[in-house]
Amino acid sequence: MKIRVALLATLFLGIGLFSSAHAKLLVITADRLIDVESGEVLERPLVIVENNVIKTVGKQNRMAIPEGAQVLNLEGQTLLPGLMDMHVHLTSDATKHGYKRLAVSVPRAAITGVKHAEKTLMAGFTTVRNVGAPGFTDVALRDAINDGDVLGPKMFVSGPSIGVTGGHCDNNLLPYDYHQYSEGVADGPWEVREKVRRNIKYGADVIKFCGTGGVLSKGTKVGVQQYSQEEMDAVVAEAHLRGLTVAVHAHGTDGIKAAIKAGVDSVEHVSLLDDEGIELALQHGTYFSMDIYVTEYILGEGEQAGILQESLDKERVVGTRQRANFEKAVNAGVKMVFGSDAGVYPHGDNGKQFARMVRFGMTPMQALQAATINPATLLKQQDKLGSISAGKLADIVAVKGNPLEDMALMESVTTVIKDGVVVKYAE
Ligand code: ARG
């Protein structure tokens, strides 16, 4: 497989090198194409990619294959836009939780991220939003990918998550004697503004903060608000002033609502949502990113990975409520994006969430839109990403069969094209 990827990359890059005067053309045919913008299916599509951009999308019987083009015939397969996961932690290792994670240095986390970036891309995720990483390891990884040093998805990164002293985004594993604080800890409106500015200075594309307690943090109450309304208002105002979007970690009912009122762009987890929270999200146009697969990993393999007993207890409450509220939010018409929290569970397994999204209330098309056009819009990248449309970047994946009939197919992406380069191809 590895050799095959390398060969393909050389083949396609090679053409680019030797015919630099001409555009590099790639033609892709398949049985069907999912048009996530119209919500329709295009049968027997033919897509022409010129360099890194989609040039034409049409029907096979109405279009000629341009001379000199590389042709990829994906018989029996479905073409989809490159998948987008709005909640990952590429520099986190799912086998190291709780006290095990204390032994992972920042440079070690960065190196782990290289492996996870490739796994994520090979699973069909050509874009991710990385919401929380130590020491700006996410910025380094994003830049290494963009420079072509390592293989991985397009990354939109937050740097260290911002949070209150002793909150979900602090590290509370060690007693007072160690004087340990996470680097995103800030209290008070001006301190949080300073953290936003610092994250921007070191390369953040988006701001992530913790608005309530969490499952995996020691000693936090999952339903309880962290940050006052005043502090949340300050984070969001400062980020928006600088042109960045904001993602808030919020499980708790009050924290979800305070963050929406503050104007966040997306709420993560959204487990203990109430009707008023749904109303507010609809009014403000807030996106929900609900990680409804991860509960299965936490309760199944979490203990072995070092997840604390108190976290397992919290998860038993939160997971069930979150799935029920996912269904309510979907039915109410809240804007949804695919966010998995991969890093808590193994990278590359991101796609497992698709089948759950359908089981808990989405139509198959809605689940695919949540991982393509919706995140592109949330990231304000809808002119470049999120659908297979002329003029957009050529991020395209394929699965065998029809995912609208079987969402589990999304767990085995066969072909991945990123920026017009075929990085994975399996018959
Ligand atoms: N990072 C999140 C937290 O610690 C994970 C929550 C996972 N549970 C869930 N049901 N989504 O709070």
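Use the structure listed above.
This write-up is about the structure you can find in this document.

Observations regarding the overall build of the protein
Phase 1 of the analysis: The secondary structure content of the protein amounts to 12 helices and 16 strands.
Phase 2 of the analysis: Expected size for 427 residues packed as a compact globule is a radius of gyration near 22 Å; at 21 Å, the protein falls within 12% of this value.
Phase 3 of the analysis: For the protein, the spread of C-alpha atoms along the principal axes amounts to about 70 × 45 × 45 Å.
Phase 4 of the analysis: Excluding contacts between residues fewer than 6 apart, the proportion of contacts in the protein whose partners are at least 24 apart in sequence is 68%.
Phase 5 of the analysis: Carbon and sulfur atoms make up 52% of the accessible area of the protein, which amounts to about 16900 Å² in all.

Considering the side chain of T120
Phase 1 of the analysis: Mapped onto the secondary structure, T120 falls in helix α2 (residues 106–122).
Phase 2 of the analysis: In this structure T120 comes out as buried when scored by relative accessible area, which is 0%.

Quick look at the packing of aromatic side chains
Phase 1 of the analysis: All chains considered together, the criterion is met by 6 aromatic pairs.
Phase 2 of the analysis: Here F136 and Y202 contribute two aromatic rings whose centre-to-centre distance is 5.4 Å and whose plane-to-plane angle is 55 degrees, an arrangement assigned as tilted. Residue F136 is located in the loop between β7 (125–130) and α3 (137–146), and its partner Y202 is located in the loop between α4 (189–201) and β9 (206–210); the two are separated by 66 residues in the primary sequence.
Phase 3 of the analysis: Both rings, one in F338 and one in F354, keep their centres 4.6 Å apart while their planes meet at 35 degrees; by these two values the pair is tilted. Placement of F338 in the loop between β13 (335–337) and α10 (352–359) and of F354 in helix α10 is noted, with a sequence separation of 16 residues between them.

Concerning the pairing of strand β3 (residues 45–50)
Phase 1 of the analysis: Judged by how many residues are buried, β3 sits mostly within the fold: 5 of 6 residues are covered.
Phase 2 of the analysis: Of the strand pairs in this sheet, strand β1 (residues 25–35) and β3 are connected by 5 bridges, and their pairing is antiparallel. Paired with V27 across the strands is I48, a residue of β3.
Phase 3 of the analysis: Note that β3 and strand β4 (residues 53–59) share 6 bridges and pair antiparallel. Note that in β4 the partner of L46 across the bridge is G58.
Phase 4 of the analysis: The antiparallel pairing of β3 with β4 creates a hairpin that spans 2 residues between the two strands, and N51 there sits at a positive phi of about 55 degrees.

Some thoughts on the state of the cysteines
Phase 1 of the analysis: Using the criterion set out here, one finds 1 disulfide in the structure.
Phase 2 of the analysis: Note on cysteine connectivity: C169 is disulfide-linked to C210, with sulfurs 1.7 Å apart. Linking C169 in the loop between β8 (154–157) and α4 with C210 in strand β9, this pair joins segments that are 41 residues apart in sequence.
Phase 3 of the analysis: Classification of C169 by relative accessible area gives buried; the value is 12%.

Observations regarding the sheet that holds strand β6 (residues 83–88)
Phase 1 of the analysis: The strand order across the open sheet built from 3 strands is β6-β7-β8, with neighbouring strands paired in parallel fashion. For this open sheet the edge positions go to β6 and β8, each flanked by a neighbour on one side alone. Taken pair by pair, the neighbouring strands of this sheet meet at an average axis angle of 15 degrees, ignoring direction.
Phase 2 of the analysis: The sheet contact formed by β7 and β8 spans 4 bridges and is parallel. Across the sheet, the residue bridging to R129 is F156, located in β8.
Phase 3 of the analysis: The sheet contacts of α3 involve β7 and β8, and relative to β8 the element is tilted by about 155 degrees.

Details of the packing of helix α7 (residues 275–284) against helix α9 (residues 309–332)
Phase 1 of the analysis: At their nearest, the axes of α7 and α9 sit 11 Å apart, and the two run at 40 degrees to each other. Compared by their axis directions, α7 and α9 come out oblique. Our pair here, α7 against α9, has a crossing hand that is right-handed. Contacts between α7 and α9 involve D275, I278 and L282 from the former and K328, A329 and A332 from the latter.
Phase 2 of the analysis: Of the residues assigned to the contact of α7 with α9, the class counts are 4 nonpolar, no polar and 2 charged.

As for helix α6 (residues 253–262)
An α-helical turn contains 3.6 residues, so any two residues separated by three or four positions project in the same direction.
Phase 1 of the analysis: Within α6, 7 of the 10 residues are buried, which leaves it mostly tucked inside the rest of the structure.
Phase 2 of the analysis: Looking at the buried positions of α6, the neighbouring elements they touch are α5 (229–241), β10 (245–250), β11 (266–269), α7 and β12 (287–289).

Parameters and conventions
- Residues numbered from 1 in each chain as written.
- Predicted model: local features only at pLDDT ≥ 70, side-chain atom pairs only at ≥ 80, totals over all residues.
- Heavy atoms only, no water.
- Helix = DSSP H or I, 4+ residues; strand = E, 2+ residues; numbered from the N terminus.
- Rg over C-alpha atoms; globule rule 2.2 N^0.38 Å.
- Contact = heavy atoms within 4.5 Å.
- Areas by Shrake-Rupley, 256 points an atom, 1.4 Å probe, with all protein chains shown as cover.
- Buried < 20%, exposed > 50% of the residue type's maximum accessible area, 1.4 Å probe, protein only.
- Phe/Tyr/Trp six-rings, centres within 6.5 Å; stacked < 30°, edge-to-face > 60°.
- Pairing = 2+ DSSP bridges.
- Disulfide = S-S within 2.5 Å.
- Axes fitted to C-alpha atoms, helices over the stretch in contact; angles between N-to-C directions.
- Parallel < 35°, antiparallel > 145°, perpendicular 65-115°, else oblique.
- Left-handed = near helix turned anticlockwise from the far one by under 90°.
- Nonpolar A, V, L, I, M, F, W, Y, C, P; charged D, E, K, R; others polar.

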